[in-house]
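Below, each chain spelled out in residue letters.
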Amino acid sequence: MIHLKKQILKVLCFCAAFLIFLPLSATSGDKADTVKFIQITDTHVCNLHPYHPVFVEKRKHFGDGAKPLKEFFEIVPEKLESDFVVITGDMIDYYDAESVSGDMLDTQIEQFVRILDESEVPVYMTLGNHDIASYWVNGESSYTWSQFNSGEARAAWIRNASCFRDGTYYSRTVVAGSTTYRLIFLDNAYYDPDRGDVVPPYIIDKMQLLWLNDEMNKSDSDIELIFMHIPLLGGSGIDTEKENRILETSGIETECSLFDLLEKNRSARIMFSGHRHRNVVYEYKFPDDYTLPYVETGGFGYDTESWRLIQLTEDKIIVSSPGDTEEEYVIKLND
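One structure accompanies this document, and this report is about it.

Cut-offs used in this document
- Residues numbered from 1 in each chain as written.
- Predicted model: local features only at pLDDT ≥ 70, side-chain atom pairs only at ≥ 80, totals over all residues.
- Heavy atoms only, no water.
- Buried < 20%, exposed > 50% of the residue type's maximum accessible area, 1.4 Å probe, protein only.
- Helix = DSSP H or I, 4+ residues; strand = E, 2+ residues; numbered from the N terminus.
- Arc of directions from axis to C-beta.
- Contact = heavy atoms within 4.5 Å.
- Core = buried A, V, L, I, M, F, W, Y, C linked by side-chain atoms within 4.5 Å.
- Phe/Tyr/Trp six-rings, centres within 6.5 Å; stacked < 30°, edge-to-face > 60°.
- Polar contact = N/O pair within 3.5 Å; in protein donor to acceptor, adjacent residues only side chain to side chain.
- Pairing = 2+ DSSP bridges.
- Axes fitted to C-alpha atoms, helices over the stretch in contact; angles between N-to-C directions.
- Salt bridge = Lys/Arg side-chain N within 4 Å of Asp/Glu carboxyl O.

A word on helix H8 (residues 257-265)
Within the span of H8, buried status applies to Leu258, Phe259, Leu261, Leu262 and Asn265. Viewed end-on, H8 has its buried residues packed into an arc of 160°, placing them on one side of the element. Contacts made by the buried residues of H8 are with strand E11 (202-203), helix H7 (206-216), strand E12 (223-227), strand E14 (268-273), strand E15 (280-286) and strand E16 (290-296). Phi turns positive one or two residues past the end of H8, at arginine 266, with a value near 55°.

Next up, the structure:
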């Protein structure tokens, strides 16, 4: 009988917890007037044991990244009352690398995902170039890398990280007041082998672009935010010292199908990325008065104050300064 009572109590506690964590609209008919999330990027977490000593020496500056990221998840989202966290790529420093035995060791993803257990809020991610990269030693003091194991790496991310359950590009919707926001997470992690000669420096496959076009046309009323790792055109042409950072797209030569798709649809309101390890906000100026704001955030693996608070309200998108709640950039949706 005592055992049965304990089982019943467990069920009741589970049901209560389930109701507590349902969206407000599901329990009371009300809708949150503000949705908050934190963007971080380029955490570059890695466990360097037991990798080749030449490789360890070159990458040891990222060797202690797990601890500050755990502390971030334990403190910052709750302090800022964040509803979720977005990591825009390079979560880990490498997918696999040469070990002391000479074999390729590929346990970084599984170790990283355990860190996410420290988060009390959902974590959404986009893949970065390091998340699908392989490294091996090619001499007494150097190493080389490739992304030829990217298929294995992506499969491992899908197996281990819940946000990738539908694949490495996906979308989610959130509601603030009467406004629906569509959050679109892209996978542009694969470097173009000829990236020195083309813009942008990544390859994004046609199937993903077809999917994105469909996502951007699902609703005429939603507000679209796009997240990816490498900046849209590689982040080139931006002077971070200038206050008015505007790129006139009419003068930009590019082979980027993603850029063309965004220009054709003209429905995205803002984009977020990392990769360049810098904090800067700028605008792409398209013809016919279409402006696409772009936010780059600095690497958390270099500076744990490189995070941004993003607030979505019924009529505004508010982007904070790095490591602060002070407003740096505001989009008024009705303008």
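Quick notes on the nonpolar core
In terms of nonpolar packing, the biggest core is built from 58 residues, with Phe72, Phe112, Met125, Trp157, Tyr181, Leu225 and Ile317 touching the most fellow members. When sequence neighbours within four positions are dropped, the list of residues in contact with leucine 225 reads Phe37, Tyr181, Arg182, Leu183, Ile184, Ile270, Phe272, Leu312 and Ile317. Membership of the second largest hydrophobic core comes to 29 residues, among which are Tyr191, Ile204, Ile230 and Leu233.

Observations concerning unusual backbone geometry
Excluding glycine, a negative phi dihedral is what most residues carry, and trans is how most peptide bonds are arranged. With an omega of 5°, the peptide bond between histidine 49 and proline 50 qualifies as cis. Among the secondary structure elements, proline 50 is positioned in the loop between strand E1 (34-40) and helix H3 (53-59). Here the bond from valine 199 into proline 200 is cis, since omega is 5°, no more than 30 degrees from zero. Relative to the assigned elements, proline 200 resides in the loop between strand E10 (190-191) and E11. Its identity as a non-glycine residue notwithstanding, histidine 277 has a phi of 55°, on the positive side. Positive phi, normally seen in glycine, also occurs at aspartate 289, with a value near 65°. Locating aspartate 289 in the fold gives a position in the loop between E15 and E16.

Observations regarding the packing of aromatic side chains
Going through the model one piece at a time under the given rule, you end up with 29 aromatic pairs. Ring centres 6.3 Å apart and planes at 75° place the aromatic pair phenylalanine 37 and phenylalanine 272 in the edge-to-face group. Placement of phenylalanine 37 in strand E1 and of phenylalanine 272 in strand E14 is noted, with a sequence separation of 235 residues between them. Overall, phenylalanine 272 belongs to the buried group, its relative accessible area being 0%.

Concerning H7
Residues of H7 that are buried: Gln208, Leu209, Leu212, Glu215 and Met216. Summarising the axial view, the buried residues of H7 lie within an arc of 115°, below the 170-degree limit, and thus occupy one face. Along H7, exposed side chains directed more than 90 degrees from the buried face belong to Lys206, Met207 and Leu210. On its buried face, H7 is in contact with strand E8 (170-176), strand E9 (179-185), E12, H8 and E14. For H7, the N-terminal cap is aspartate 205; the gap from its side-chain oxygen to the backbone nitrogen of methionine 207 is 3.2 Å.

Brief notes about the sheet that holds strand E19 (residues 327-332)
In spatial order, the strands read E5-E2-E1-E17-E18-E19; together these six strands make up an open sheet with mixed pairing. Looking at strand neighbours, the two that pair on one side only are strand E5 (123-126) and E19, the edges of this open sheet. Going from strand to strand, the sheet's axes swing by 20° on average, the running direction of each strand aside. Relative to E5, strand E2 (residues 84-88) is paired through four bridges, and the arrangement is parallel.

Thoughts on the pairing of E8
Counting buried residues along E8, five of its seven residues qualify, which places the element largely inside the surrounding structure. Of the strand pairs in this sheet, E8 and E9 are connected by seven bridges, and their pairing is antiparallel. Looking at the pairing, valine 174 lines up with tyrosine 181 of E9. Where E8 hands over to E9, the hairpin turn is made up of two residues, of which glycine 177 adopts a positive phi near 60°.

Description of the pairing of strand E6 (residues 134-137)
Two elements, strand E3 (residues 96-98) and E6, share two bridges in a ladder whose sense is parallel. Counted as the bridge partner of aspartate 96 is serine 134 from E6. In this structure, E6 lies alongside strand E7 (residues 143-146), joined through four bridges in antiparallel fashion. Its bridge partner lying in E7, tryptophan 136 is registered against threonine 144.

Concerning the pattern of salt bridges
Close approach of charged atoms lets side chains of opposite charge pair. Going through the model one piece at a time under the given rule, you end up with nine salt bridges. Two residues, glutamate 215 and lysine 218, come together in a salt bridge whose shortest N-O distance is 2.8 Å. Classification of glutamate 215 by relative accessible area gives buried; the value is 3%. Notably, a salt bridge pairs glutamate 328 with arginine 308, separated by 2.8 Å at the nearest N-O pair. Of this pair, glutamate 328 sits in strand E19 while arginine 308 sits in strand E17 (residues 308-313), and the two are 20 residues apart along the sequence. Among the residues examined, glutamate 328 registers a relative accessible area of 34% and is labelled partly exposed.

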